[in-house]
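Listed here are the chains, written in short residue letters.
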Amino acid sequence: LGIDLPVVAPPRNSTWPLCDVAEFFRPPAFQHPGEGGVTYIYAHAQESMFLPILLASRRSGGRAMIGDRVTVWTANNHRYSYRIISVRRFQKSLDWAFALPPNSLVLQTSENQYRTGTKVMLVARQIGGPVQATTAEAQPPAKPRVCGR
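Since the model is a prediction, treat every value here as computed from it, not as a measurement. (Residues numbered from 1 in each chain as written. Predicted model: local features only at pLDDT ≥ 70, side-chain atom pairs only at ≥ 80, totals over all residues. Heavy atoms only, no water.)

Caption draft 1: View of the overall build of the chain. Helix and strand counts for the chain stand at two helices and seven strands. In the chain, the order of α-helices and β-strands from amino to carboxyl end is β-β-β-α-β-β-β-β-α. Expected size for 149 residues packed as a compact globule is a radius of gyration near 15 Å; at 14 Å, the chain falls within 12% of this value. If you line up the chain on its principal axes, its C-alpha atoms span 40 × 30 × 30 Å. In the chain, which comprises 149 residues, the share counted as buried stands at 42%. The contacts in the chain between residues at least 6 apart in sequence include a share of 61% that link residues at least 24 apart. When the accessible surface of the chain is summed, it comes to about 8,100 Å², and 53% of that surface belongs to carbon and sulfur atoms. Measuring between centres, the 17 positive side-chain charges of the chain sit 5 Å from its 9 negative side-chain charges. (Helix = DSSP H or I, 4+ residues; strand = E, 2+ residues; numbered from the N terminus. Rg over C-alpha atoms; globule rule 2.2 N^0.38 Å. Buried < 20%, exposed > 50% of the residue type's maximum accessible area, 1.4 Å probe, protein only. Contact = heavy atoms within 4.5 Å. Areas by Shrake-Rupley, 256 points an atom, 1.4 Å probe, with all protein chains shown as cover. Lys, Arg positive; Asp, Glu negative; His and termini not counted. Charge placed at Lys NZ, Arg CZ, Asp CG, Glu CD.)

Caption draft 2: Focus on the sheet that holds strand β2 (residues 22–24). The mixed open sheet is built from seven strands, whose spatial order is β1-β2-β3-β6-β7-β5-β4. The sheet is open, and its two edges are formed by β1 (7–8) and β4 (69–73), each paired on a single side. Here five bridges tie strand β3 (residues 38–42) to strand β6 (residues 104–110), and the two strands are oriented parallel to one another. Bridging from a neighbouring strand, Tyr42 pairs with Gln108 of β6. (Pairing = 2+ DSSP bridges.)

Next up, the structure:
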């Protein structure tokens, strides 16, 4: 989908996601890639962020994304590859994500502008093992900003 976005830890006690970056749910609820759990990454449905996920999900329920590859780099300079296995639209809860098998990835974005609105979530499974990456590719400069609601 052409998404290339730095992923950062959310600020403590934040109530609204940052712009110009994606964020991840911190352990222990979810895990970093390579730790054997489920990784959960989210971003706004805005230009240069996760808007392509929202738009693709609106076409035939997102079926065209099934099988697409997702690549995630980690702060310890590893690259993990995943394949999208399902698209879940109109989600109000992420409770089901806790039951996913190890080494799964969830990408989430909003389906409307309301905090309590529904979300679209892509579920992906890790393929292969980690690959060593350079610091330059694994840790791009992130320029998060507080964005309007």
